[in-house]
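Descriptive structure summary
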Amino acid sequence: MAILAPSLLAADFKKLGEEIQKVDRAGAQYLHIDVMDGMFVPSISFGMPVIASIRSCTDRVFDVHMMVEEPGRYVQDLKTAGADLICVHQEACKHLDRTIHQIKDLGMKAGVALNPATPVETLKWILPEVDMVLIMSVNPGFGGQKFISYATEKVREVRKMADEMGLHTDIEVDGGVTTANAGELLKAGANILVAGSAVFKGDAEANVKAFLETFKEYE
């Protein structure tokens, strides 16, 4: 089943709880929460207090995308704040295997993210250990960027690699996702799509429903 993960980075922060409840009512299954440290990426965004404060707004999956250097430092705090899934960047971890197992040992799902220029081959040894791979289809750090077209081929490569290993790995795509390109990404092998501006710009509930209708065509 295809999953929509609205990215809260594009929500109206003045009424974050209301924005979450809108996409929840409309049927979005995940909430994508970007944590940025100003070092791995230029921006600074949500921290643990914000995640903890919005946890009571919804029982949807909190899909926490760590765009920070050495994210293993924060795994316990994220668990306490209410994360269900933590995705860390391959490029940000000196000891990726250790970080992935830190996450799983605390009972959360673990994902690994790849920047646009990072080869899929870097996943060879870690893929059996993770629940999800996140393919970045923009350079991380800012919302509203244009989709990088070769990300679709990377999705195909990851799906092929997972299939050859007999794995049922979730593949998520983040950056520039719209209802216009969602179908191609699902056909390529993705099953979780992150959408920020395409959800929260305009009528969030209607936009979520439009994505979910698009998904039905490819299930």
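Preceding this paragraph is the structure being described.
Here we summarise the structure given alongside this text. (Residues numbered from 1 in each chain as written. Predicted model: local features only at pLDDT ≥ 70, side-chain atom pairs only at ≥ 80, totals over all residues. Heavy atoms only, no water.)

1. Some thoughts on the pairing of strand S3 (residues 61-67)
What counts here: In this scheme, a residue with accessible area under 20% of its type's maximum is buried, one over 50% is exposed, and one in between is partly exposed, where area comes from a 1.4 Å probe on protein chains only. Strands here mean DSSP runs of E at least two residues long; helices mean DSSP runs of H or I at least four residues long; both are numbered from the N terminus. When DSSP finds two or more bridges between two strands, those strands count as paired. Call a crossover right-handed when, viewed with both strands pointing away from you, the route from the first strand across the helix to the second goes clockwise.
Burial analysis of S3 places six of its seven residues in the buried class, which makes it a mostly covered element. Bridge count for strand S2 (residues 30-36) against S3 is seven bridges, and the pairing is parallel. Bridge pairing in S3 places Asp34 opposite His65. Handedness of the β-α-β unit built from S2, helix H2 (residues 48-54) and S3 comes out right-handed. Looking at chain direction, S3 and strand S4 (residues 85-89) are connected through four bridges and run parallel. The residue of S4 that forms the bridge with His65 is Cys87. You can see the chain leave S3, run along helix H3 (residues 75-81) and come back into S4, and the turn it takes is right-handed.

2. Structural notes on the pattern of salt bridges
Pairs may arise between side chains of opposite charge once their charged atoms sit close together. Rule in force here: We define a salt bridge as a side-chain nitrogen of Lys or Arg found within 4 Å of a carboxyl oxygen belonging to Asp or Glu.
Counted by the stated rule, this structure contains eight salt bridges. Of the charged contacts in the structure, one is a salt bridge between Lys22 and Glu19, with a shortest N-O distance of 3.6 Å. Here Lys22 pairs with Glu19, and both are found in helix H1 (residues 16-26), just three residues apart, close to one helical turn. For the salt bridge of Arg156 with Glu153, the shortest nitrogen-to-oxygen distance reads 3.0 Å. One end of the pair is Arg156 and the other is Glu153, both in helix H5 (residues 151-164) and three residues apart, which spans about a single turn.

3. Focus on the packing of H1 against helix H8 (residues 204-216)
Two quantities define a packed helix pair, namely the angle between the axes and the distance from one axis to the other. Quick reminder of the rule: Axis lines are fitted to C-alpha atoms, over the contacting stretch for helices. Their N-to-C directions set the angle, which ranges from 0 to 180 degrees. Each crossing is labelled by how the near helix is turned from the far one, with a counterclockwise turn of less than a right angle marking it left-handed and a clockwise turn marking it right-handed. Two residues qualify as a contact provided that any one of their heavy atoms is within 4.5 Å of a heavy atom in the partner residue. Each residue receives one of three labels: charged for Asp, Glu, Lys and Arg, nonpolar for Ala, Val, Leu, Ile, Met, Phe, Trp, Tyr, Cys and Pro, and polar for the others, Gly being one of them.
Where H1 contacts H8, the two axes come as close as 8 Å, and the packing angle between them is 35°. The element H1 and its partner H8 pack so that their crossing is right-handed. Contact residues: H1 offers Lys22, Val23, Arg25 and Ala26, while H8 offers Ala204, Glu205, Val208, Lys209 and Leu212. For the contact of H1 with H8, a count of residues per class yields five nonpolar, no polar and four charged.

4. Overview of the sheet that holds S3
A sheet is described by the order of its strands in space; here eight strands give the open sequence S1-S8-S7-S6-S5-S4-S3-S2, paired in parallel fashion. Edge positions in the sheet fall to strand S1 (3-6) and S2, since each of these pairs with one other strand and no more. Going across the sheet, the axis of each strand differs from the next one's by a mean of 25°, ignoring polarity. Sitting on the sheet, H8 is in contact with S1 and strand S8 (192-195), with an inclination near 155° to S1.

5. Things to note about the packing of aromatic side chains
Using the following cut-off: For Phe, Tyr and Trp, where Trp contributes only its six-membered ring, two rings pair if their centres lie within 6.5 Å, and the inter-plane angle classes them as stacked under 30 degrees, edge-to-face over 60, or tilted in between. Geometrically, a lysine NZ or arginine CZ counts as sitting over a ring once it is within 6 Å of the ring centre and also within 35 degrees of the ring normal.
Under the counting rule described, the total for this entry stands at two aromatic pairs. For the ring pair Phe211 and Phe215, a centre distance of 6.2 Å and an interplane angle of 65° mean the geometry is edge-to-face. In this pair, Phe211 and Phe215 both sit in helix H8, four residues apart, roughly one turn of the helix. We classify Phe215 as buried; its relative accessible area is 1%. Seen from the ring of Phe62, Arg55 lies directly overhead, with NZ or CZ sitting 3.6 Å from the centre.

6. With respect to the side chain of Thr169
When you line up the elements, Thr169 lands in the loop between H5 and strand S7 (170-174). Thr169 gets classed as buried once you look at its relative accessible area, which sits at 4%.

7. Thoughts on the nonpolar core
Condition: As used here, the term nonpolar core means buried Ala, Val, Leu, Ile, Met, Phe, Trp, Tyr and Cys residues forming a set that is joined through side-chain atoms within 4.5 Å.
Core analysis: the largest hydrophobic core is formed by 64 residues, its most contacted members being Leu4, Ile86, Leu123, Leu193, Val199 and Phe215. Sequence-distant contacts of Phe215, that is, excluding residues within four places in its chain, are made with Ala2, Ile3, Leu4, Ala182, Leu186 and Leu193. Counting residues in each nonpolar core, the second largest holds twelve residues, with Tyr30, Leu85, Ala113 and Met132 among its members.

Function cannot be inferred from these measures alone, as they are strictly geometric.
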